[in-house]
Amino acid sequence: MIVYGIGVGPGDKELITLKSLNILKKVDKIFVPISKEGKPSVAYEIVKDYIKDKEVETLLFPMIKYKEKLKYYREKAAEKILKENKDVAVLTLGDPTLYSTFSYIWKILAKKGVKVEIINGISSIFSAAKALNMPLVEGNEKLCILPHGKDIEKYINDFDTIIVMKTKNLKDVLKKINNKNIIVGLVKRATFEDEKIAIGNIDNINFDEFSDYLSIAIIKRIKDDDN
Ligand SMILES: C[S@@+](CC[C@H](N)C(=O)[O-])C[C@H]1O[C@@H](n2cnc3c(N)ncnc32)[C@H](O)[C@@H]1O
């Protein structure tokens, strides 16, 4: 049995790799993550046209904070996968190595001696930079990723670019650091047909438009040679 952790990319159906597609075509079953019963899976929506004839089953990963409950759902998902005892694929949005729920399943399965193979996907961080038409980092610049922008005040002066994944409270987080010398780029649903971007400073961005889950921010310090 091999469990493939497949990165389906950020959203655009054409941004899935050939390797992922070939594996999806050959596995016996495909598991798709959902955050709520009855809610569509974003990862499944991206690949559904390629896997019409495949057996598909959901894995429930609710967005909750309680560690014990999270553990319960992860164990349950791993059990479902193990029960198959054949080659299966588990879809993840973007790349499976970057803040992906699959990484927890990966660890559980690896402990049980199951072979897990990761197939990289294009991460939303790269698609966000593309959408904003800016390089993420150049030369010797330093890059930092902060989920929810947590502790940004500690890092803002040490890094040239900061990526914030999960941008719901970004406005409040940025207000706290009170640094006017930064430029904020926001991308909602990067590479989807309804992708939306905004770029500017803290005072002229409508953060409310970028508060949903599929939004990401790239924050850059303005340097003297930018002017
Ligand atoms: C659990 S992380 C998964 C990241 C994913 N593994 C990746 O490589 O992009 C979810 C966060 O990724 C970001 N994200 C994922 N896909 C996105 C997209 N198409 N557009 C904007 N942000 C996205 C958002 O910040 C979201 O809250």
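Residues numbered from 1 in each chain as written. Predicted model: local features only at pLDDT ≥ 70, side-chain atom pairs only at ≥ 80, totals over all residues.

(A) Seen up close, the sheet that holds strand β4 (residues 88–92). One open sheet accounts for five strands, arranged β3-β2-β4-β1-β5; its pairing is parallel. Strands with a single pairing partner mark the edges of an open sheet, and in this sheet they are β3 (55–60) and β5 (115–119). Within the sheet, the average angular offset between the axes of one strand and its neighbour, ignoring direction, is 25°. Note that strand β1 (residues 2–7) and β5 share five bridges and pair parallel. From the neighbouring strand, I6 faces β5, where its bridge partner is I119. (Pairing = 2+ DSSP bridges. Helix = DSSP H or I, 4+ residues; strand = E, 2+ residues; numbered from the N terminus. Axes fitted to C-alpha atoms, helices over the stretch in contact; angles between N-to-C directions.)

(B) Expanded view of the pairing of β4. In terms of burial, β4 is a largely internal element, five of the five residues being buried. The alternating pattern of β4 places V88, V90 and T92 and A89 and L91 on opposite faces, both of which are buried. Bridging between β1 and β4 involves five bridges; their strand directions are parallel. Each residue of the ladder has a partner; that of I6, found in β4, is L91. (Buried ≥ 20, exposed ≤ 12 C-beta atoms within 10 Å, placed from the backbone.)

(C) Summary view of the domain arrangement of the chain. Its domain assignment divides the chain into domain 1 (2–119) and domain 2 (124–226). Taking the mean C-alpha position of each, domain 1 and domain 2 sit 28 Å from one another. In this assembly, six residues from domain 1 lie in contact with eight residues from domain 2. For the side of domain 1 that touches domain 2, the class distribution of residues is three nonpolar, two polar and one charged. (Domains from an automatic or database assignment. Contact = placed C-beta atoms within 7 Å. Nonpolar A, V, L, I, M, F, W, Y, C, P; charged D, E, K, R; others polar.)

(D) Molecular detail of the site of the ligand. Close to the ligand lie 22 residues, the nearest being G94, S123, S124, M165 and A190. For the shell around the ligand, the secondary structure elements donating two or more residues are α5 (124–131) and β10 (215–221). For the shell around the ligand, the class distribution of residues is eleven nonpolar, eight polar and three charged. (Near = placed C-beta within 6 Å.)

(E) Helix α4 (residues 102–111), seen in detail. Those residues of α4 that fall on the buried side of the exposure criterion are F102, I105, W106 and L109. An end-on view of α4 places all buried positions within 105° of arc, on one side of the element. Backbone geometry just after α4 places G113 at a positive phi near 85°. (Arc of directions from axis to C-beta.)

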